[in-house]
Amino acid sequence: MAAGAPRIFVSHLAGVPVFDPAGDKVGRLRDLVVMLRVRRRPPRLLGLVVELSTRRRIFLPMTRVTGVESGQVITTGVLNVRRFEQRPTERLVFGELLDRRVQLVETGEEVTVLDLAVQQLPTRRDWEIDRVFVRKGRTGTFRRTRGETLTVEWSQVTGFSLEEHGQGAESLLATFEQLRPADLANMLHHLSAKRRAEVAAALDDDRLADVLEELPEDDQIEILGKLKEERAADVLEAMDPDDAADLLAELPEADKERLLSLMEPADAAEMRRLMSYEEHTAGGLMTTEPIVLRPDATVADALARVRNPDLSPALAAQVYVCRPPDETPTGKYLGTVHFQRLLRDPPYTLVSSLVDDDLQPLDPDATLPVIAGFFATYDMVAAPVVDEGGSLLGAVTVDDVLDHMLPEDWRETEFHLAEGEPAAEETPGRRTGIHGA
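Residues numbered from 1 in each chain as written. Predicted model: local features only at pLDDT ≥ 70, side-chain atom pairs only at ≥ 80, totals over all residues. Heavy atoms only, no water.

Here's the deal with the pattern of salt bridges
Going by this rule: By salt bridge we mean one thing: a side-chain nitrogen of Lys or Arg within 4 Å of a carboxyl oxygen of Asp or Glu. Strands here mean DSSP runs of E at least two residues long; helices mean DSSP runs of H or I at least four residues long; both are numbered from the N terminus.
Tallied over the full model, the rule gives 19 salt bridges. With its nearest N and O atoms 3.0 Å apart, the salt bridge here joins E257 to R272. Within this pair, whereas E257 is found in helix α9 (residues 253-262), its partner R272 is found in helix α10 (residues 265-275), the two being separated by 15 residues in sequence. Taken together, the shared-partner salt bridges connect D99, K194, R195 and E198 into one network.

Put into structure tokens, the structure is as follows:
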């Protein structure tokens, strides 16, 4: 960026793509790393946390940034792909500085940090945070009290160097509100335990449920344990039944029973039923909420159910035709109708005339290798689970199979870089030259 370039507010940088000089996308910007300095001197911007396509987070020194403009970051193309590790003297802008309560030096009034502005110094390659956008008035966890907003110089506020207690999360969440649950989960995983709990507390139940499903088991247990019990039960009810049952199964018996007692009786019964199966069996992997239709339902009825935006693509790929009752466990399972077949027939056609009844359903005790073989053999993304009496119990989806076949820490471990990803630098360490720049 040329000298004298305008300052940039960090909220405009969240999630922007990062490109190499050839125009190839390297990853996305997930945070900024700064070093606080004494005597209220503006913090120095050390670099960026960039998430590669493999979900590995690396450190990109500002000395390797050639442009920050038009919703993108341009690099020199030389990257060190070692995993980013925050140092004790560093602060993450999105994760730790937004939503802080600080004081105006002149009046001592407490204000909330909504945004920060960075600017490149005119005579050097260094970058600094030189402005703070704040709001006067108290800010609650779930609602913000409206107050005057103003932009002040960094030297006009104090309080960033202190440990923050009860820090809000509204600005951070607004910055990442467009993230998919898996990406928000990845962001949460890299926050401190304290900040992770604050952000989780600010999410609504449905959003938190979606995010919990994408987090490593240790993070799930940690977050759930910091919620009030009534809210923890609500969040479990909002999760997919199979994921909620897996999480409950990892809790101490007393905690598990206490949460089950706070859930709706029907939901608690469903959890207990899922937990009665062995973990790596079809019964243990299945969701109990597939699309179930009666024989007299039409193609139009089926397509209306498939259009539900809350369904995963795997569950929306087919519907299951059963006799009443049409909630699991159902009456007699009659067969499956695939989404492509629904698109080929008139809307008034009865689904009972379209069922694929040649494909054998899975037994609830089927093991993981058997399930994986079923998916590979028949090119399926979901499969019905039927008991000895012929009732549909649920459906296993391919994402749940992969989740259990990958290493236990796969959410915390990146896969190998795809061909064409930038190579690591030959120099040791992750930040050659950054502190001496």
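Having seen the model, we can carry on.
Considerations on the side chain of R231
Here is the rule we go by: Relative accessibility thresholds used throughout: buried, under 20% of the residue-type maximum; exposed, over 50%; partly exposed, between the two (1.4 Å probe, protein chains only). Within 3.5 Å is the distance limit for a polar contact, defined as a pair of N or O atoms, with the added protein rule that one can donate a hydrogen and the other accept it, and that residues adjacent in sequence qualify only through two side-chain atoms. We call two residues in contact when some of their heavy atoms are within 4.5 Å.
Structurally, the position occupied by R231 is in helix α7 (residues 229-238). In this structure R231 comes out as buried when scored by relative accessible area, which is 16%. A distance of 2.8 Å separates the side chain of R231 from the side chain of D205, its partner in a polar contact. Among residues more than four places away in sequence, those in contact with R231 are A200, A201, L203, D204, D205 and L208.

Section: the packing of aromatic side chains
Stated formally: When the centres of two rings from Phe, Tyr and Trp lie within 6.5 Å, Trp using its six-membered ring, the rings pair. Their planes under 30 degrees apart give stacked, over 60 give edge-to-face, and anything left gives tilted.
Enumeration over the complete set of coordinates arrives at four aromatic pairs. Three or more aromatic residues joined by ring pairs make a cluster, and in this case those are F374, F375 and Y378.

A few points about the side chain of N80
As for its placement among the helices and strands, N80 is situated in the loop between β7 (72-75) and β8 (90-92). Of note is the side chain of N80, whose polar atom sits 3.0 Å from the backbone nitrogen of R82.

Quick word on the confidence of the model for the protein
Heads up, the condition is: Scored from 0 to 100, pLDDT reflects the predictor's confidence in each residue.
Looking at the protein as a whole, its pLDDT mean stands at 85, while 86% of the residues score no less than 70. Long-range and interchain partners of residues 414-437, a stretch whose pLDDT sits below 50, account for 60 contacts in this model, where long-range means more than four residues apart.

As for the sheet that holds strand β16 (residues 333-338)
Condition: By this definition, two strands are paired if DSSP reports at least two bridges between them.
Read from one edge to the other, the open sheet built from three strands follows the order β14-β15-β16, with strand pairing classed as mixed. The open sheet has two edge strands, β14 (292-293) and β16, and neither has a second partner. When strand β15 (residues 318-322) meets β16, the two strands line up antiparallel, connected through five bridges. Bridge pairing in β16 links V321 to G335.

Section: α9
Cut-off, in case you're wondering: Each direction from the helix axis to a C-beta atom contributes to the arc, which is the arc of those directions.
Of all the positions in α9, only K256, L259 and L260 are classed as buried. Along the axis of α9, the buried residues cluster in a sector spanning 100°; they form a single face. For α9, exposure combined with an orientation more than 90 degrees from the buried face picks out A254 and S261. In this structure, the buried side of α9 is in contact with α6 (217-226), α7, α8 (241-249) and α10.

What about the pairing of β7?
Side chains of β7 alternate between two faces, with V73 and T75 buried and Q72 and I74 left unburied. Relative to β7, strand β2 (residues 17-19) runs parallel, the two being bridged by two bridges. Within β7, the residue paired with F19 across the bridge is I74. In the sheet, strand β6 (residues 65-69) pairs with β7 via four bridges, with the strands oriented antiparallel. Bridging from a neighbouring strand, G67 pairs with I74 of β7.

Focus: the environment of R37
For R37, the location among the structural elements is in the loop between β3 (25-35) and β4 (44-52). According to the relative accessible area criterion, R37 is partly exposed, its value standing at 26%. Residues R37 and S161 lie 124 residues apart in sequence; the distance between their C-alpha atoms is 8.9 Å. Once residues within four sequence positions are removed from consideration, R37 is found in contact with P42, P43, R44 and E128.

Considerations on the nonpolar core
Formally: Remark: nonpolar core denotes a set of buried residues (Ala, Val, Leu, Ile, Met, Phe, Trp, Tyr, Cys) joined through side-chain atoms within 4.5 Å.
Within the largest apolar cluster, 95 residues are counted, with the highest numbers of intra-cluster contacts made by F94, L116 and V396. In terms of residue count, the dominant contributor to this core is helix α14 (residues 368-378) (five residues).

Regarding the environment of P369
Structurally, P369 is set in helix α14. A relative accessible area of 62% means that P369 is categorised as exposed. Residues P369 and M405, 36 residues apart in the sequence, show an inter-C-alpha distance of 9.0 Å.

Re unusual backbone geometry
Working note: non-glycine residues mostly have negative phi, and peptide bonds are mostly trans. Here P324 and P325 are connected by a cis peptide whose omega angle stands at 0°. Examined against the element boundaries, P325 turns out to sit in the loop between β15 and β16. The residue after T328, namely P329, is reached through a cis peptide bond having omega -10°. Along the chain, P329 falls in the loop between β15 and β16. One non-glycine residue with positive phi stands out, namely R55, at about 75°. Considering the arrangement of structural elements, one finds R55 in the loop between β4 and β5 (57-61). Here R55 falls in the partly exposed class, since its relative accessible area comes to 27%. For D379, which is not glycine, the phi dihedral falls at a positive 55°. Topologically, D379 is positioned in the loop between α14 and β17 (382-386).

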